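Tertiary structure, described
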Amino acid sequence: MKYLPTEKQLKFMNWEMGAFFHFGIRTFNHGHRDWDGKDMSIDSFNPTNLDCEQWMRVIKKFGMKYAILTTKHHDGFANWPSKYTDYSVANTPWKDGKGDVVREFVDACRKYDIAVGLYYSPAQWGNAIAFKEGKEYDDYFINQISELLTNYGKIDYLWFDGCGSNGHKYDSKRIISVIRHLQPEITIFGMWDPDVEWVGNEDGYAPVPYILDRDVVVHDETVHKFMPLECDCRIRDSWFYDLNEYSLKTVDELIGMYEMSVGRGCNFLLNLGPDDNGLINQLDEKRLMELREEIDKRYGKPLEFESIKEVDESTYSIEYSCETLKKIADTVNIPLVKSVIIEEDISSGQAVLDFRLYAHIPTRNPISDNKYCVFRGETIGRKMICRFPAVRSPKFTLEILRSNEKPIIKSIKAFG
């Protein structure tokens, strides 16, 4: 049996790449780590040059389609003037306490047509209200979430961080009921009634096989359903901006993360911690654009193979047309192919469970079998990047060895 995605799950997967913005009191207190318990004075928060539109210009240029802001991290500091804590922007020197980072972020997202995502940490270690089980803390939680989902218009994505909540008892059904009532179309990440789940690491790497039909915990009960995965990861070794330029990841590492997230059907969520001026650091921006260039170099323009052909129920192929082959022969040899991207139509669910990709290698011997396996895989899902040693081939064949129903293959594209 195939489990079907919801419309908002399909929309989420089509976003493909997004930006995570960890920004808050920690930005101005270098060297702090999660749950270290160290005091961070509210007076330290003062991003005098905050420009959320600069954030959006950078990620729009890269091609990201959604963005997520940390509204409240584990330290309890609220990036908006919450009525339910004194530990918020309302009591900082920034804009004489009249600023609202969430408002500036949401407005910038909408101006640049970026889907709006808000992060909220249910757990916290201090400075706002004691983190303890019971109605008082649930009320605090619900009151703050209600502010975020009421005062800023339509929110596309709500990202719950489960860190620190292990074993903690929340009134999850009440919390989710309020959220779904306030924002019926919202997509929820991670907890209680998720539409999207965590990949299981913070390194940008998805598992193989990538199974979309999975067991999911919903309000402490295990159910089986269609569930996309998201790969959250960092461009440096910290989530919040710190004095650690040495840890900026290389393009080689970042392209590997891209190929092992997007290239395995998951969303790629890359963190960019704005600096204490309130801007994406120039070094981070430069590295991000270098990654964009490498993605475009590898996958920006497919080779001129004809559209996919269905040979039979389990076999598909792409090949050069006679006209293209003649044009190539008149100029240069058949181009080298280094990767093939396969896309399955997942609107009807995931079907492929085992496949082989073959290259047809030109040969001088007309009676030899010139079909060679260049990639062996299991699931395909929304997108599978099959990367292999370069081959010169005028034709590729996809053979599906096992599936739970007849698959629908949308496209097969080859890249040099």
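Please refer to the structure placed before this passage.
Residues numbered from 1 in each chain as written. Predicted model: local features only at pLDDT ≥ 70, side-chain atom pairs only at ≥ 80, totals over all residues. Heavy atoms only, no water.

1. Describing the overall build of the protein chain
- Scanning the protein chain for helices and strands turns up eight helices and 18 strands.
- Taking 2.2 N^0.38 as the reference for a compact globule, 416 residues should give roughly 22 Å; the C-alpha atoms of the protein chain span a radius of gyration of 24 Å, in line with that estimate.
- Expressed as a percentage of its 416 residues, the buried residues of the protein chain come to 57%.
- Put simply, 75% of the contacts in the protein chain that link residues at least 6 apart link residues at least 24 apart. (Helix = DSSP H or I, 4+ residues; strand = E, 2+ residues; numbered from the N terminus. Rg over C-alpha atoms; globule rule 2.2 N^0.38 Å. Buried < 20%, exposed > 50% of the residue type's maximum accessible area, 1.4 Å probe, protein only. Contact = heavy atoms within 4.5 Å.)

2. Details of the sheet that holds strand E13 (residues 336–344)
- The three strands lie next to each other as E16-E13-E18, forming an open sheet whose pairing is antiparallel. Since the sheet does not close on itself, it has two edges, and those belong to strand E16 (384–392) and strand E18 (409–415), each with one partner. On average, each strand axis in the sheet is inclined to that of its neighbour by 20°, with strand direction left out of account.
- Against the sheet, helix H7 (residues 282–299) contacts E13, E16 and E18, and its axis sits at roughly 60° relative to E16. (Pairing = 2+ DSSP bridges. Axes fitted to C-alpha atoms, helices over the stretch in contact; angles between N-to-C directions.)

3. Digging into empty space enclosed by the protein
- Summed over the entire model, instances satisfying the criterion amount to three cavities of 30 Å³ or more.
- Considering only enclosed or pocket space, the largest cavity measures out at about 60 Å³ in volume.
- Taken together, Ile235, Arg236, Ser238, Trp239, Phe240, Tyr241, Asp242, Asn271, Leu272, Gly273 and Asp284 make up the full set of residues lining the largest cavity.
- Its residues placed into classes, the lining of the largest cavity shows five nonpolar, three polar and three charged.
- Approximately 50 Å³ is the volume attributed to the second largest cavity.
- Around the second largest cavity sit Phe23, Gly24, Ile25, Thr70, Thr71, Lys72, His73, Asp75, Phe77, Asn79 and Phe240, which together line it.
- Across the lining of the second largest cavity, the residue classes tally to four nonpolar, five polar and two charged. (1 Å grid on protein atoms, 1.4 Å probe; cavity = no way out; pocket = protein on both sides within 12 Å on 5 of 7 lines; lining within 4 Å. Points joined across faces, edges and corners; volume = space filled by probe spheres on them. Nonpolar A, V, L, I, M, F, W, Y, C, P; charged D, E, K, R; others polar.)

4. Brief notes about the state of the cysteines
- Counted according to the given criterion, the structure contains zero disulfides.
- For Cys52, which is in no disulfide, the shortest distance to another cysteine sulfur is to Cys109 and amounts to 8.1 Å. (Disulfide = S-S within 2.5 Å.)

5. Some thoughts on helix H6 (residues 251–259)
- Residues of H6 that are buried include every one of Val251, Leu254, Ile255, Met257, Tyr258 and Glu259, and no others.
- Of the surrounding secondary structure, the elements contacted by the buried residues of H6 are strand E1 (17–21), strand E9 (229–234), strand E10 (267–271), H7 and E16.

6. Here's the deal with the pairing of strand E12 (residues 315–319)
- Burial runs high along E12: four of the five residues are buried.
- Pairing geometry for strand E11 (residues 309–312) and E12, over three bridges, is antiparallel. Opposite Lys309, over in E12, you have Ser317 as the bridge partner.
- Hairpin connection between E11 and E12: a loop of two residues separates the two successive antiparallel strands.

7. Observations regarding the layout of surface pockets
- Counted as a void, the largest pocket has a volume near 720 Å³.
- Surrounding the largest pocket, 32 residues form its lining, Asp161, Gly162, Cys163, Gly190 and Met191 being those nearest its centre.
- The set of elements that each furnish at least two residues to the lining of the largest pocket consists of strand E4 (157–160), strand E6 (197–198) and strand E7 (213–218).
- Within this model, the second largest pocket holds a volume of roughly 200 Å³.
- In terms of lining, the second largest pocket is formed by 15 residues, of which the most central are Glu16, Tyr258, Tyr299, Ile341 and Lys383.
- If you list the elements that add at least two residues to the lining of the second largest pocket, you get H7, E13 and E18.

8. As for unusual backbone geometry
- The amide bond that connects Val208 to the next residue, Pro209, takes the cis arrangement and shows omega of -5°.
- Along the polypeptide, Pro209 turns up in the loop between E6 and E7.
- Phi at Glu16 takes a positive value of approximately 70°, unusual for a residue other than glycine.
- Position of Glu16 relative to the elements: it lies in the loop between helix H1 (7–15) and E1.
- According to the relative accessible area criterion, Glu16 is buried, its value standing at 12%.
- Positive phi values are uncommon outside glycine, yet Asp96 reaches one of about 55°.
- Among the secondary structure elements, Asp96 is positioned in the loop between strand E2 (66–72) and helix H3 (101–111).

9. Topic: helix H4 (residues 135–150)
- For H4, which comprises 16 residues, the first-to-last C-alpha distance of 21 Å matches the rise-based estimate of 22 Å (1.5 Å per residue) to within 8%.
- When you tally the buried positions in H4, you get twelve out of 16 residues, the bulk of the element.
- For H4, the full list of buried residues reads Tyr137, Asp138, Asp139, Tyr140, Phe141, Ile142, Gln144, Ile145, Ser146, Glu147, Leu148 and Leu149.
- Next to the buried residues of H4 lie E2, H3, strand E3 (115–120), E4 and helix H5 (172–182). (Expected span 1.5 Å × (residues − 1).)

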